[in-house]
Amino acid sequence: MLDSTVIDDATVDAYLTRIGASRPARPDAAGLKHLTERAVLSVPFENLDYHLDGREIHMDKRSVDKIAREHRGGGCYEVNPALGFVLEALGYDVEILPGRVHRPEGLGPFLGHLALKVTIGEEVYLVDTGFGRNSRFPLDFTSREVQTDPHGEYQLKDVEGQAGTVDLWLGGRPLYQVVETPVRIEDYGPSLWWYRTAPDSSFLQALFCSIRTENGLVTLKGRHLNVVDGEQRSKTVLADDADVIAAYKTHFGISLDRLPSEPENSTTTGVRTD
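The structure contained in this document is the topic of the report that follows. (Residues numbered from 1 in each chain as written. Predicted model: local features only at pLDDT ≥ 70, side-chain atom pairs only at ≥ 80, totals over all residues. Heavy atoms only, no water.)

**Considering the pairing of strand β13 (residues 224-229)**
What counts is decided by this rule: We call two strands paired when DSSP finds no fewer than two bridges between them. Working definition: helices are DSSP H or I runs of at least four residues, strands are E runs of at least two. Numbering for both runs from the N terminus.
Judged from the six bridges that link them, strand β12 (residues 216-221) and β13 form a sheet pairing that is antiparallel. In the sheet register, valine 218 faces β13, and the bridge partner there is valine 227. A loop of two residues connects β12 with β13, the two strands running antiparallel in sequence, and glycine 222 in this loop sits at a positive phi of about 65 degrees. Here β13 pairs with strand β14 (residues 232-237) via six bridges, running antiparallel. From the neighbouring strand, aspartate 229 faces β14, where its bridge partner is glutamine 232. What sits between the antiparallel neighbours β13 and β14 is a turn of two residues, in which glycine 230 has the positive phi angle 65 degrees.

**Brief notes about the pattern of salt bridges**
Pairs can form between side chains of opposite charge once their charged atoms are near each other. To keep it simple, the criterion reads: Salt bridges are identified by distance alone: a Lys or Arg side-chain nitrogen within 4 Å of an Asp or Glu carboxyl oxygen. Relative accessibility under 20% of the residue-type maximum defines a buried residue, over 50% an exposed one, and the middle range a partly exposed one, all with a 1.4 Å probe and only protein chains included.
All told, the structure shown has 17 salt bridges when counted by the stated rule. Note that arginine 72 and aspartate 49 form a salt bridge whose closest N and O atoms lie 3.0 Å from each other. Of this pair, arginine 72 sits in the loop between α3 (61-68) and α4 (76-89) while aspartate 49 sits in the loop between β1 (45-46) and α3, placing them 23 residues apart in sequence. Relative accessible area serves as the criterion here: at 4%, arginine 72 is assigned to the buried category. Across the pair lysine 66 and glutamate 78 runs a salt bridge whose closest N-O atoms are separated by 2.7 Å. Taken as a pair, lysine 66 in helix α3 and glutamate 78 in helix α4 lie far apart in primary sequence, twelve residues in all. A single burial state applies to lysine 66 and to glutamate 78, both of which are buried. Salt bridges linked by common partners bring Glu46, Asp49, Arg55, Lys66, Arg72 and Glu78 together as one network.

**With respect to α4**
Test applied: Helix span, expected: 1.5 Å multiplied by one less than the number of residues in the helix.
For α4, built from 14 residues, the straight-helix expectation of 20 Å at 1.5 Å per residue is met to within 8% by its first-to-last C-alpha distance of 19 Å. Glycine 91 sits one or two positions beyond α4 and adopts a positive phi of about 105 degrees.

**Points about the sheet that holds β1**
Read across the sheet, five strands follow the order β1-β11-β12-β13-β14 without closing on themselves; strand pairing throughout is antiparallel. Either end of the sheet is taken by a strand with one partner, and the two such strands are β1 and β14.

**Focus: the packing of aromatic side chains**
To be explicit about the condition: Here a pair means two rings of Phe, Tyr or Trp (six-membered ring of Trp) with centres within 6.5 Å. Their orientation is stacked below 30 degrees between planes, edge-to-face above 60, and tilted elsewhere.
Under the definition given, this model contains nine aromatic pairs. With 5.0 Å between their ring centres and 65 degrees between their planes, phenylalanine 131 and tyrosine 176 make a pair best called edge-to-face. Of this pair, phenylalanine 131 sits in the loop between β5 (123-127) and β6 (139-140) while tyrosine 176 sits in strand β10 (residues 173-179), and the two are 45 residues apart along the sequence. Judged by its relative accessible area of 2%, tyrosine 176 is buried. Note on tyrosine 248 and phenylalanine 252: the rings are 6.2 Å apart at their centroids and 50 degrees apart in plane angle, and the pair reads as tilted. Linking tyrosine 248 with phenylalanine 252, this pair stays in helix α7 (residues 241-252), spanning four residues, or about one helical turn.

**A few points about helix α1 (residues 9-19)**
Heads up, the rule is: By the convention used here, residues are in contact when the closest approach between their heavy atoms is within 4.5 Å.
For α1, every residue scored as buried is listed here: Thr11, Val12, Ala14, Tyr15, Leu16, Arg18 and Ile19. As for α1, its buried residues are in contact with α2 (29-42), α3 and α4. Where α1 terminates, the next one or two residues include glycine 20, which has phi positive at roughly 70 degrees.

**Some words on unusual backbone geometry**
At histidine 71, a position not held by glycine, the phi torsion is positive, near 60 degrees. Within the secondary structure, histidine 71 is located in the loop between α3 and α4. The backbone of leucine 111 shows a phi angle near 70 degrees, a positive value even though the residue is not glycine. Along the chain, the position of leucine 111 falls in the loop between β3 (106-107) and β4 (113-120).

**Looking at the nonpolar core**
Definition in use: Definition of nonpolar core: a set of buried residues of the types Ala, Val, Leu, Ile, Met, Phe, Trp, Tyr and Cys, connected through side-chain atoms within 4.5 Å.
Formed by 46 residues in total, the largest nonpolar core has its most connected members in Tyr15 and Tyr92. For this core, the secondary-structure elements that each account for two or more residues are α1, α2, α3, α4, β2 (93-103), β4, β5 and α5 (189-197). Element by element, the count of residues in this core is highest for α4, at eight residues. Apart from the residues lying within four places of it in its own chain, the contact partners of tyrosine 15 are Ala39, Val64, Ile67, Ala68, Ala82, Leu83 and Val86.

Set out below in structure tokens:
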């Protein structure tokens, strides 16, 4: 479990206002679906602080403040705990599940991803707002059937020979693997340090910001702005810093006084925002 006493009621209200969500009357499945959708459609999946000198990444209450009061987003280590703190404060039973991302070169490290498990009576849900290709709605964690979501066809599959280990698939391809035994947020400290410092860290090799919309996806990678709106697609190379700063504000609601440093030999290996 997370610590529901970490945030006060004013912080919960600030978070709900930030994502345009109403406070559920009770901690039920309908409320969880509403909150998850609003978080997905309002909070960018981004790694700007990895490339802004002097910025740190926080997995505690400050992750909630970053979203609610700074109008920012983050990676899975930030946006999922932030939602988890809010859900617990609203009365939901929340646990953290450790994950490993499927990459072209194979499975990534244990604790390489952080997802949420939310239990409501006999119902158990996988909730993830910090992956880039996550579902818009909570997924039934007990089902092994295909689950239709606005973002695609998802399916949970038990990993053969590994009890309590489940793969999440999208459109016939594996996204990541989670272990059903919950962990503590503190367990991610060494992994966060690695992502913040290692040359091989995918979060240091690429600069990205993306957000889902009702009908598509907006992604900004360096100066490359891609917009998908239903059947319409556009790709734009922004001319200068002023245009990039304006794009962050227009499409993601992020106000910057300076741009993050774009990594040399930028790559998107291991990080998918589509």
